[in-house]
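# Chains, contacts and geometry: an overview
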Amino acid sequence: MPRLRLRVLLWTLTACVCSALPLDVPGLVYPHGDFVIRNLCKFCDLEDSTCDGADKCTSECKKTAICAAVDEVCVTIWRKNDSNVTMETLCHSPAVPLYGFMLDDYNNTECRMKEKKVLGSLFYLCSCSSEEECNNVIYFTEAEKPTLSIPMVTAISLLPPLVIAVMVILAFYRYRVIRQKKLNEEWKKKKKRKHDCSDGCAIMTDDDQSDISSTVANNINHNLELLPIELDLQVGKGRFASVYKAKLKQSTAEQFETVAVKIFSYEEYASWKNEKDIFSDINLKHENILHFLTAEERKVDKQYWIITAYHALGNLQEYLTHHILSWDDLCYLGGSFARALAHLHSDHTPCGRPKVPIVHRDIKSSNILVKNDLTCCLCDFGLALRLDLSLSVDDLANSGQVGTARYMAPEVLESRINLENIESFKQSDVYSLALVLWEITSRCSAIGDVKDYVPPFGSKVGEHPCVESMKDSVVRDRGRPEIPNSWQKHEGLQLICSTITESWDHDPEARLTAQCVAERFSEIDQMDKLSQRSCSEEKISEDCSVSDDK
Ligand code: ADE
């Protein structure tokens, strides 16, 4: 049993302590004047108790003491044996064991009993420290864990999904920003680069539109994410679709690239699908074939789109209507158009890679665009056909009589195309090519007196001639657009005129190939270069002879 420490000042009433403490305890005032409150504890030593050791009791001690030493804390010990129950209240230093136990809970502000055993006898002990008789009320139960309020529980349970959602949004945003940046960088890089084949043979040197969005070129946009495009003016209307000038927006709101969007209604799915499939062949890429960016299904508007380069000069028919060409213009337009068709028909790329030959089947001046460098750009592949080796004669027969009657070859008008030979389809395209070359030549100042633009066969056959009236002119009468003798002004023009007549021959097999037509234009180009050189040489020698004479 610990000795009662007489140094302790006792009060019988707690109320007295509050007023008396500062005055009656001189040892508590530090030299510099700071006041330290020591523990105020119940201090009755051992007394009988009525506490039953369940839940919570009060000490029943009437004496309150200020502990003698600064480090002392309040302690209560409850004991029960067969005859009585006692409660012991006291101050004690945690540095010193009490009944063989170190006080391990003296930092608590409440006195919570812990069972202790010493030499077979059981007792309960608690210690605490606070200003106010913390060992007066003693607890036999565990401290209640703080319970959370409903809003707190809700907030805590919502926190993890909320954090995950924010992280997902941030990751997605970051991905979008990085992706957009990457796209822009790639576009910029491609702008600087020429489009080369893998073996280093350049096949594409486009004009100002060539740089457009090469990253999406020849890709079908399977993405749910559609290109950010704002439609502008309508620039064309065909049988199956309308064409719009449009803005392809860049990363910043002000930047955009001009593109063309060909819009098909849902009913024209077959035409869209055919054109998309034709464009999807990477080997189709050529500087004189319309540069394809992507194809999209615009579900919201129930539309299908084909997005391509935009050519501000419009189609060849419009251009010829409003412009008279120079000899050079004729050579550029004719030569580039022949090269486009030769590439389309070819079974290999300029680099020698195998390629599926394609026939256009609707060659006409309104399906050719004029680029800024005054070369041609073949477009509208809605009726084009890939001459796959897997195509059967039946497949070909079912592909039907297609195209525009005015430009149809005699065998197409008669539906007598030789399906056994896939070259027949190319030969029909060449017939149409000849009509376009005739249109170009008719508007060239090199022929002399240039008349207003008229389409091949003019208005004799009506504005939109049907197959039957074209048959009368082309098959029955073997009629062709007129090539006046006056056109054959020089060797180059003569070669163009003979190329035209050889290409619209009634016999498909007698016609030139598109490749051959392209080579004729190369010859003309060579002739022109030679004559320009000899001209300038003549001029030099003339100049010299004049000076010699002097
Ligand atoms: N008309 C049809 N297609 C066109 C294009 N890509 N650019 C300009 N005009 C067109």
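Residues numbered from 1 in each chain as written. Predicted model: local features only at pLDDT ≥ 70, side-chain atom pairs only at ≥ 80, totals over all residues. Heavy atoms only, no water.

Turning our eyes to something else, we now look at the UniProt feature "binding site: ATP" (unreviewed entry) in the chain. Per the UniProt record, the feature "binding site: ATP" (unreviewed entry) sits at Val235, Gly236, Lys237, Gly238, Arg239, Phe240, Ala241, Ser242, Val243 and Lys262. The greatest C-alpha distance among the residues just named is 14.4 Å, despite their covering 28 residues of sequence, which places them together in space. Among the annotated residues just listed, those that line the largest pocket are Val235, Gly236, Lys237, Gly238, Arg239, Phe240, Ala241, Val243 and Lys262. Relative to the helices and strands, glycine 236 is located in strand β15 (residues 229–237). Judged by its relative accessible area of 22%, glycine 236 is partly exposed. Non-local contacts of glycine 236, meaning those with residues more than four positions away in its chain, are made with Ser242 and Val243. If you trace the backbone, alanine 241 turns up in strand β16 (residues 241–249). Ignoring any residue separated from it by four or fewer positions in sequence, one finds alanine 241 in contact with Lys262, Ile263 and Phe264. (UniProt positions renumbered as here; feature names shortened; annotations may be inferred. 1 Å grid on protein atoms, 1.4 Å probe; cavity = no way out; pocket = protein on both sides within 12 Å on 5 of 7 lines; lining within 4 Å. Helix = DSSP H or I, 4+ residues; strand = E, 2+ residues; numbered from the N terminus. Buried < 20%, exposed > 50% of the residue type's maximum accessible area, 1.4 Å probe, protein only. Contact = heavy atoms within 4.5 Å.)

All told, the structure shown has 21 salt bridges when counted by the stated rule. Measuring nitrogen to oxygen at the nearest pair gives 3.6 Å for the salt bridge that ties lysine 249 to glutamate 230. Of this pair, lysine 249 sits in strand β16 while glutamate 230 sits in strand β15, placing them 19 residues apart in sequence. By relative accessible area, glutamate 230 is classed as partly exposed at 37%. Note that aspartate 277 and lysine 276 form a salt bridge whose closest N and O atoms lie 3.7 Å from each other. Relative accessible area serves as the criterion here: at 30%, aspartate 277 is assigned to the partly exposed category. In this structure lysine 276 comes out as buried when scored by relative accessible area, which is 11%. Linked through salt bridges whose partners overlap, the residues forming this network are Lys262, Glu275 and Asp380. (Salt bridge = Lys/Arg side-chain N within 4 Å of Asp/Glu carboxyl O.)

Attention now moves to the packing of helix α8 (residues 423–442) against helix α10 (residues 491–503). Relative orientation of the contacting elements α8 and α10 amounts to 145°, with a least axis distance of 8 Å. Considering only the axes of α8 and α10, their crossing is left-handed. In contact with Val430, Tyr431, Ala434, Leu437, Trp438 and Thr441 of α8, α10 contributes Leu493, Ile496, Ile500 and Ser503. (Axes fitted to C-alpha atoms, helices over the stretch in contact; angles between N-to-C directions. Left-handed = near helix turned anticlockwise from the far one by under 90°.)

This part is about a nonpolar patch on the surface. The grouping of Leu159, Val163 and Met167 at the surface amounts to a nonpolar patch, some 290 Å² of accessible area in total. Examined against the element boundaries, valine 163 turns out to sit in helix α2 (residues 150–192). (Patch = residues over 30% accessible without salt bridge, like charges linked within 9 Å, V, L, I, M, F, W, Y side chains within 5 Å. Areas by Shrake-Rupley, 256 points an atom, 1.4 Å probe, with all protein chains shown as cover.)

Let us look at the nonpolar core. Residues Phe337, Leu378 and Ile440 are the most contacted members of the largest nonpolar core, which totals 78 residues. Counting residues per element, this core draws most heavily on helix α5 (residues 327–345), which supplies 10 residues. (Core = buried A, V, L, I, M, F, W, Y, C linked by side-chain atoms within 4.5 Å.)

For the coordinates displayed, the defined rule picks out 12 aromatic pairs. Three or more aromatic residues joined by ring pairs make a cluster, and in this case those are Tyr266, Tyr269, Trp272 and Tyr304. When the ring centre of tyrosine 139 is taken as origin, the NZ or CZ atom of arginine 112, which lies over that ring, is 4.4 Å away. Between the NZ or CZ atom of lysine 247 and the centre of the ring of phenylalanine 256, over which it lies, the distance is 5.1 Å. (Phe/Tyr/Trp six-rings, centres within 6.5 Å; stacked < 30°, edge-to-face > 60°. Lys NZ or Arg CZ within 6 Å of the ring centre and 35° of its normal.)

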